[in-house]
Amino acid sequence: MQIHIMENRKPRFWASFGGYWPRGAVSECAFTLTNSKGQNVPLQSEIAAWWPDGSVKWSRHIAPAGLMGDICELSHGIAPEPEGLSLSETPNKWGLACDSFSLDIPKNGDCLASGCVRDGSEVFSRVYPVLQLASSQAQDGALLSRTRALPAKIVSRAVETAGTLETVFRFDGVHMDGPEEKMPFRIRMSVRRDGEIVFDDTFFYSGEPDKDMLSGWGLRFETAMDGLTYQRHIRFLTDGNGFHDMPTQLFHWKKRLGKEPLQAQMNGETVPQSELFDAAAADLPVWDRFLLTQDSDRHFVIAKQTRPDCCVLEGVHGSRAPGAMALSDTKRTICFSLREFWEKHPAGLEASGLGREVSACTLWFYSPEAKSFDFRHYDTRSYPMGNYEGFDYVRPDPNGIAVTCRASVWQENGYMSDEALKARSDAVRRPAVYLAEPEYYHFHRAFGYWSLPRYETEVQKWTEAQMIKAFEFYETEVENRSWYGLFNYGDFMHTYEASRHMWRWDVGGFAWDNTELTPTYWLWLMFLRSGSERVFRLAEALSRHAADVDMYHFGYMGGLGSRHNVRHWGCPCKEPRVSMAGHHRPLYYLTGERRIGDCMEDSLGAAGSLASMPWYMREDGKVHLRSGPDWAALVSGWMCAYERTRDEKWRTLIEKGVNDLSKTPLGLTSGPEYGFDAATGHLIYTGETPKSGMHLQACMGETQVWLETADMLDCDELRRMVAKNGLFFYLPREDRIKLSGGLLSDREFGSPIYSAEMQAWAAKTLNDSAMARTIWKNLLSLLYSKDAPDGYTPVGYAVNEDGSELREIPWLTTNFTSQWFLKLILTLEFIPEAEFDSFEALDRALEAQPSGFRLYGA
């Protein structure tokens, strides 16, 4: 398997990546990595997923990207274990060591790690979580706010992966609000062979929204400082020339020190101690605390303070800071870098105690300098009829949601150059990503069925151009509409409102999308077929957000996701389709993102949580669900759990459901509501559901889930049922009623925007060329007509003060965009030969027989 560095990324520091292997090709976890020079690259490997026959499906690897270069060959074979980290254990702690680096991980207390030393210099003496909550209370007509710090209590700690290139520790705990446990956390600490330490910190909300607002969240490192205050340095990377300062600046009005000492400080030199400098320093302020606060996606401020009882002096303002800070003394530089710093504002970097022997460096994933985050809903009632919010009852509950941030810590001897600091920061923000060519994944059907781009005909060139236009518009909208913030970054809005020239950010179920109609699938398949780094960034951010924020990770709704709403947790509808594993499998397997693995595992709780939702309960007190999207979403999780664990119970759950469906009159088309036994996975057919709509059975990733599962389990029955379902979606109403023996007389199947790829699978299975041609005509006519050929071409609606044009696509919805391109990608794979070669031919077909469906692209 040949892999290459993704475009616009650099082969530096470390790379975590996945390998995909055909069924039966690799039988054990034994791999080698060879660069383009023929050199063996140190490699640490583990198995991420298996085929049912026990062979390796996905492998996870970490290697030094600097040695990998641009192209490598990943092969099955036995290689000697690389030298590196060694792990030791005593009753009280674990110890890690490599060359001149060492670190202790205590088994007790509130400390994650301690005694981190490199080349004889202390990196940090201890690191621990910090959390601040705020509450507001009305008193004498005024609203009083109180902020309180909650100490961390680590409940469990374990070595998750022990290797010579990387060892990973996992810490699970809670924060104590007096005697009460609140705000759980999960922190992964990944220690690399070169001494870099990466922290993935997950915050879970567990509190009372009326009382518990998030005021501050981060990690604090305590480190001893060497030398005198005028021999110490602090730097922040900015979007300008950077910020460099000292606790004591060698500028003195009276003592005439000259320009050289201050210039030497600014050059990063250690100014030698002298009586003159000591005397000058005694008469100069000591700036003990420095902080950078990114309070929005378009503004940061750098400030400093001499003492806690004195003012905080603001000095530098800017737009977007990368999120890197470095402290230097006479011996070494310790640098801290955060990923998605300004994107997940409000974030901060703080160093205090710079005038003392021990400094505390705090990496704020949520800065206490910002306004506290309010988890309450926007109203005390729901608006199901007016604002598309599902049901009358209100359930805007944030308890159980999560968000994850990453930070890296690194130390170098001496004064680290600005260039080296930027390189470290860039590698944290945009790490090296290695992948195979799209043709490799496509040939071996990684992630199921999808097509490669085609540019052979006029229509193919137009459809591929539309996909790029749509992607670029959303990419621009993220920036233009500031879709940023700790709990928002990665998501899109649901529906655009042309009359207001804005998205419906304040209108119930039309605001945040929360994976509605699977934009995740569209973006990940678009990435697989292109390898585009820009598409990867959008898909990655969406998966990271949705996997954490849009689903519940514990509690009575654990495993369920929250439907689209003004607040990500605001809609009364909590459903498994929002949280299903299929949304995020590509990110997990391609990059080895362990947090995504947690979220996919959490989604398995959905089956048992359905009983907590009133609309999943029958009058007899039993759970019911729909074959799609509910059962399909559960299958997505079970399939993923089966390939990750080889535990047969997950396969059994799938096969029982397939068997139950196969016994119904119409297979997947029957129902679509069933009784459901969460313990056994059985679907209980109770007849056809009157006046039910079928569109949700096809537009939430069902076709992808069912067909990939059928291929993995070699289940012809499931393949046939998908084809039969696609046929019913295709047929005119009269033929559908006739073929079903009248069972579907009052069933609504909706527009082909919901089901075109399932219809295409039916046409492929039946080898029906006329059917295939009609499917293409209907699909293309949703976006194109002779009178409206522009598709995703934005139009101007106003002009900025600088003369630039404000642009929009007035008819745009994320539902249509996700679905049309997803349908296009799969239909092009199933029935490519039936696609129209030219628009002239398509126009003639539409004139002869109009599709009868709504034209969205106008």
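Calculation notes
Residues numbered from 1 in each chain as written. Predicted model: local features only at pLDDT ≥ 70, side-chain atom pairs only at ≥ 80, totals over all residues. Heavy atoms only, no water. Helix = DSSP H or I, 4+ residues; strand = E, 2+ residues; numbered from the N terminus. Buried < 20%, exposed > 50% of the residue type's maximum accessible area, 1.4 Å probe, protein only. Contact = heavy atoms within 4.5 Å. Axes fitted to C-alpha atoms, helices over the stretch in contact; angles between N-to-C directions. Left-handed = near helix turned anticlockwise from the far one by under 90°. Nonpolar A, V, L, I, M, F, W, Y, C, P; charged D, E, K, R; others polar. Pairing = 2+ DSSP bridges. Phe/Tyr/Trp six-rings, centres within 6.5 Å; stacked < 30°, edge-to-face > 60°. Lys NZ or Arg CZ within 6 Å of the ring centre and 35° of its normal. Parallel < 35°, antiparallel > 145°, perpendicular 65-115°, else oblique. Polar contact = N/O pair within 3.5 Å; in protein donor to acceptor, adjacent residues only side chain to side chain.

Asker: How would you summarise the environment of A15 if you had to cite specific residues and measurements?
Answerer: Position of A15 among the secondary structure elements: in strand β2 (residues 14–20). Note on A15: relative accessible area 0%, which makes it buried. Expressed as a C-alpha distance, the spacing of A15 and G592, which sit 577 residues apart in the sequence, is 9.8 Å. For A15, the residues in contact, after removing those within four places along its chain, are H61, I62, A63, A65, M68, A432 and Y434.

Asker: Which residues make up the packing of helix α7 (residues 458–480) against helix α21 (residues 814–830), and what are the values?
Answerer: A pair of packed helices is captured by two measures, namely the crossing angle of their axes and the spacing between those axes. Following both chains from N to C, one finds α7 and α21 inclined at 145°, their axes separated by 11 Å at the closest point. The two elements α7 and α21 meet at a crossing, and its hand is left-handed. Between α7, through Q460, W462, T463, E464, Q466, M467, A470 and Y474, and α21, the contact on the second element is made entirely by T814, T817, W820, F821, L824, I825 and L828. Looking at the contact of α7 with α21, its residues break down into 9 nonpolar, 5 polar and 1 charged.

Asker: A description of the pairing of strand β4 (residues 44–50) should follow, citing residues and the corresponding values.
Answerer: Pairing of β4 with strand β5 (residues 56–64), which is carried by 6 bridges, proceeds in the antiparallel orientation. In the sheet register, A49 faces β5, and the bridge partner there is W58. Linkage of β4 to β5, two consecutive antiparallel strands, is achieved through a turn of 5 residues, within which G54 is found at a positive phi near 95°.

Asker: Account for the packing of aromatic side chains, with residues named and values stated.
Answerer: Taken as a whole and judged by the stated rule, the model has 55 aromatic pairs. With 4.9 Å between their ring centres and 65° between their planes, Y588 and Y589 make a pair best called edge-to-face. Judged by its relative accessible area of 2%, Y589 is buried. Above the face of the W253 ring, K254 is positioned so that its terminal group lies 4.5 Å from the ring centre.

Asker: So what about the packing of helix α14 (residues 627–645) against helix α15 (residues 648–662)? Which residues, and what values?
Answerer: Relative orientation of the contacting elements α14 and α15 amounts to 150°, with a least axis distance of 7 Å. In terms of orientation, α14 and α15 fall into the roughly antiparallel class. Of the two elements, α14 crosses α15, and the hand of that crossing is left-handed. On α15, the residues that touch S627, W631, V635, W638, M639, A641, Y642 and T645 of α14 are E648, W650, R651, L653, I654, G657, V658 and L661. In terms of residue class, the contact of α14 with α15 is made up of 11 nonpolar, 3 polar and 2 charged.

Asker: Please give an account of the environment of R320 that cites residues and values.
Answerer: With respect to the helices and strands, the residue R320 is situated in the loop between β22 (313–318) and β23 (324–328). It is 5.7 Å that separates the C-alpha atoms of R320 and D239, two residues lying 81 residues apart in sequence. Contact partners of R320, with chain neighbours within four places excluded, come to T238, D239, Q294, D297, R298, F300, W342, E479 and Y484. Here D297 takes part through its backbone oxygen, which lies 2.7 Å from a polar atom of the side chain of R320. A polar contact of 3.0 Å, which involves the side chain of R320, links it to the side chain of E479.

Asker: How would you sum up unusual backbone geometry? Please name residues and give values.
Answerer: Note the cis peptide between H345 and P346, where omega equals 0°. Locating P346 in the fold gives a position in the loop between β24 (332–338) and β25 (347–352). Positive phi outside glycine occurs at F447, with the angle close to 65°. Here F447 falls in the buried class, since its relative accessible area comes to 9%. In this structure, K691 is a non-glycine residue whose phi angle is positive, near 50°. Position of K691 among the secondary structure elements: in the loop between β35 (683–684) and α16 (702–713).

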